[in-house]
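Chains, contacts and geometry: an overview
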Amino acid sequence: MASKNKDIEVPENSNICIIGHEVIEKGYRVKDDRVLSLMRSAKQKLRMKLKNNRLYVCEHHREEYMKKRKGFERNLMMLAAMAAILFVVIFIVNVMSGDIWKILQSLLLGILIFLMVPIFLFFIYVPAIEEKMTHAREGKKR
Ligand SMILES: [Zn+2]
(Lines give C-alpha, C1' and ligand atoms only; values in the text may rest on other atoms or scores of the structure.)
Protein backbone atom coordinates (compact mmCIF):
# COMPACT_ATOMS: atom_id res chain seq x y z
CA MET A 1 0.00 0.00 0.00
CA ALA A 2 1.24 3.43 -0.91
CA SER A 3 0.37 4.86 2.48
CA LYS A 4 2.86 2.48 4.09
CA ASN A 5 5.64 4.58 2.64
CA LYS A 6 7.16 7.14 4.93
CA ASP A 7 5.71 10.60 4.90
CA ILE A 8 5.87 12.35 1.63
CA GLU A 9 6.22 16.08 2.06
CA VAL A 10 3.29 17.75 0.41
CA PRO A 11 2.69 21.47 0.52
CA GLU A 12 -0.27 22.51 2.60
CA ASN A 13 -3.38 23.83 0.96
CA SER A 14 -3.02 21.87 -2.21
CA ASN A 15 -4.90 19.25 -4.16
CA ILE A 16 -3.76 15.79 -3.29
CA CYS A 17 -4.50 12.45 -4.88
CA ILE A 18 -5.36 10.09 -2.04
CA ILE A 19 -3.89 7.07 -3.80
CA GLY A 20 -0.55 8.36 -5.04
CA HIS A 21 -0.28 11.32 -2.64
CA GLU A 22 0.86 13.51 -5.49
CA VAL A 23 -0.23 17.09 -6.05
CA ILE A 24 -2.67 17.25 -8.95
CA GLU A 25 -4.41 19.76 -11.19
CA LYS A 26 -7.65 17.93 -11.74
CA GLY A 27 -9.34 14.79 -10.58
CA TYR A 28 -12.36 13.28 -8.91
CA ARG A 29 -13.12 15.13 -5.73
CA VAL A 30 -13.45 13.09 -2.57
CA LYS A 31 -16.81 13.56 -0.93
CA ASP A 32 -16.41 15.06 2.48
CA ASP A 33 -18.21 13.13 5.16
CA ARG A 34 -18.31 12.53 8.87
CA VAL A 35 -15.63 9.88 8.82
CA LEU A 36 -13.26 12.18 6.99
CA SER A 37 -13.79 15.04 9.41
CA LEU A 38 -13.15 12.59 12.22
CA MET A 39 -9.95 11.60 10.50
CA ARG A 40 -8.95 15.22 10.18
CA SER A 41 -9.21 15.65 13.92
CA ALA A 42 -7.09 12.57 14.39
CA LYS A 43 -4.72 13.42 11.59
CA GLN A 44 -1.59 12.80 13.60
CA LYS A 45 -2.46 9.13 13.50
CA LEU A 46 -2.46 9.12 9.75
CA ARG A 47 0.48 9.14 7.47
CA MET A 48 -1.64 10.61 4.75
CA LYS A 49 -1.69 14.35 5.16
CA LEU A 50 -5.23 15.59 5.31
CA LYS A 51 -4.40 18.95 6.76
CA ASN A 52 -5.77 21.77 4.67
CA ASN A 53 -5.49 19.73 1.55
CA ARG A 54 -8.35 19.04 -0.78
CA LEU A 55 -8.58 15.37 -1.51
CA TYR A 56 -8.93 14.00 -4.99
CA VAL A 57 -8.40 10.86 -6.97
CA CYS A 58 -6.59 11.51 -10.23
CA GLU A 59 -7.47 9.86 -13.52
CA HIS A 60 -4.30 7.80 -13.40
CA HIS A 61 -5.12 6.27 -10.04
CA ARG A 62 -8.86 5.95 -10.57
CA GLU A 63 -8.82 2.23 -11.30
CA GLU A 64 -6.71 1.51 -8.24
CA TYR A 65 -9.04 3.64 -6.18
CA MET A 66 -12.13 1.79 -7.44
CA LYS A 67 -10.57 -1.51 -6.38
CA LYS A 68 -9.80 -0.16 -2.94
CA ARG A 69 -13.26 1.30 -2.56
CA LYS A 70 -14.90 -1.98 -3.58
CA GLY A 71 -12.69 -3.86 -1.17
CA PHE A 72 -13.59 -1.43 1.57
CA GLU A 73 -17.32 -1.80 0.93
CA ARG A 74 -16.97 -5.58 1.03
CA ASN A 75 -14.96 -5.44 4.26
CA LEU A 76 -17.49 -3.17 5.87
CA MET A 77 -20.36 -5.50 4.99
CA MET A 78 -18.44 -8.48 6.34
CA LEU A 79 -17.58 -6.61 9.49
CA ALA A 80 -21.18 -5.59 10.13
CA ALA A 81 -22.45 -9.09 9.36
CA MET A 82 -19.86 -10.70 11.61
CA ALA A 83 -20.64 -8.31 14.45
CA ALA A 84 -24.36 -9.03 14.10
CA ILE A 85 -23.88 -12.81 13.97
CA LEU A 86 -21.49 -12.78 16.91
CA PHE A 87 -23.95 -10.77 18.95
CA VAL A 88 -26.93 -12.95 18.07
CA VAL A 89 -25.04 -16.16 18.91
CA ILE A 90 -23.84 -14.85 22.27
CA PHE A 91 -27.28 -13.51 23.05
CA ILE A 92 -29.11 -16.73 22.19
CA VAL A 93 -26.68 -18.86 24.17
CA ASN A 94 -27.12 -16.64 27.19
CA VAL A 95 -30.91 -16.46 26.88
CA MET A 96 -30.99 -20.26 26.80
CA SER A 97 -28.96 -20.34 29.99
CA GLY A 98 -31.86 -18.52 31.63
CA ASP A 99 -29.47 -16.43 33.71
CA ILE A 100 -30.61 -12.78 33.77
CA TRP A 101 -27.06 -11.53 34.51
CA LYS A 102 -25.64 -13.40 31.59
CA ILE A 103 -28.32 -11.92 29.38
CA LEU A 104 -27.46 -8.43 30.59
CA GLN A 105 -23.79 -9.15 30.07
CA SER A 106 -24.40 -10.23 26.52
CA LEU A 107 -26.33 -7.02 25.86
CA LEU A 108 -23.36 -5.03 27.11
CA LEU A 109 -21.04 -7.12 25.01
CA GLY A 110 -23.28 -6.47 22.02
CA ILE A 111 -22.98 -2.72 22.53
CA LEU A 112 -19.22 -3.14 22.79
CA ILE A 113 -19.06 -5.13 19.57
CA PHE A 114 -21.02 -2.48 17.70
CA LEU A 115 -18.77 0.22 19.08
CA MET A 116 -15.81 -1.65 17.65
CA VAL A 117 -17.13 -1.44 14.11
CA PRO A 118 -16.49 2.32 13.70
CA ILE A 119 -13.01 1.83 15.11
CA PHE A 120 -12.21 -0.74 12.45
CA LEU A 121 -13.88 1.47 9.89
CA PHE A 122 -11.43 4.20 10.78
CA PHE A 123 -8.48 2.06 9.75
CA ILE A 124 -9.87 0.65 6.53
CA TYR A 125 -11.80 3.69 5.34
CA VAL A 126 -11.79 4.59 1.66
CA PRO A 127 -13.97 7.66 1.05
CA ALA A 128 -16.42 8.03 -1.82
CA ILE A 129 -15.59 10.27 -4.76
CA GLU A 130 -17.69 12.37 -7.08
CA GLU A 131 -18.53 10.94 -10.46
CA LYS A 132 -17.52 13.94 -12.48
CA MET A 133 -13.98 15.15 -12.76
CA THR A 134 -13.29 18.56 -11.27
CA HIS A 135 -10.57 20.97 -12.21
CA ALA A 136 -8.85 21.52 -8.95
CA ARG A 137 -8.88 25.29 -9.28
CA GLU A 138 -12.67 25.39 -9.29
CA GLY A 139 -12.76 23.75 -5.90
CA LYS A 140 -10.47 26.25 -4.27
CA LYS A 141 -13.04 28.52 -2.72
CA ARG A 142 -14.64 26.44 0.00
ZN1 LIG B 1 -2.91 9.92 -8.40
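Residues numbered from 1 in each chain as written. Predicted model: local features only at pLDDT ≥ 70, side-chain atom pairs only at ≥ 80, totals over all residues.

1. Focus: the environment of Ile19
Inspection of the secondary structure puts Ile19 in the loop between strand S1 (15–17) and strand S2 (26–30). Assessed through the 23 C-beta atoms surrounding it within 10 Å, Ile19 is described here as buried. Distance in space between the C-alpha atoms of Ile19 and His61 is 6.4 Å, their sequence separation being 42 residues. (Helix = DSSP H or I, 4+ residues; strand = E, 2+ residues; numbered from the N terminus. Buried ≥ 20, exposed ≤ 12 C-beta atoms within 10 Å, placed from the backbone.)

2. What about helix H2 (residues 62–97)?
Taking 1.5 Å of rise per residue, 36 residues should cover 52 Å, and H2 covers 52 Å from first to last C-alpha, within 8% of that figure. Backbone geometry just downstream of H2 places Gly98 in the positive-phi region, at approximately 75°. (Expected span 1.5 Å × (residues − 1).)

3. Details of the environment of Asp32
Structurally, Asp32 is set in the loop between S2 and helix H1 (34–41). A C-alpha to C-alpha distance of 8.7 Å links Asp32 and Ile129, two positions 97 residues apart in sequence.

4. Some details on the pairing of strand S3 (residues 54–57)
In the sheet, S1 pairs with S3 via 3 bridges, with the strands oriented parallel. Each bridged residue has a counterpart across the sheet, and for Cys17 the counterpart in S3 is Tyr56. By the bridge criterion, 2 bridges tie S2 to S3 in an arrangement that is antiparallel. From the neighbouring strand, Arg29 faces S3, where its bridge partner is Tyr56. (Pairing = 2+ DSSP bridges.)

5. Topic: the sheet that holds strand S4 (residues 129–135)
Spatially, 4 strands are ordered S1-S3-S2-S4 in an open sheet, and the strand pairing comes out mixed. The open sheet is flanked by S1 and S4, the only strands paired with a single partner. Taking each pair of neighbouring strands and ignoring which way they run, the sheet shows an average axis angle of 50°. (Axes fitted to C-alpha atoms, helices over the stretch in contact; angles between N-to-C directions.)

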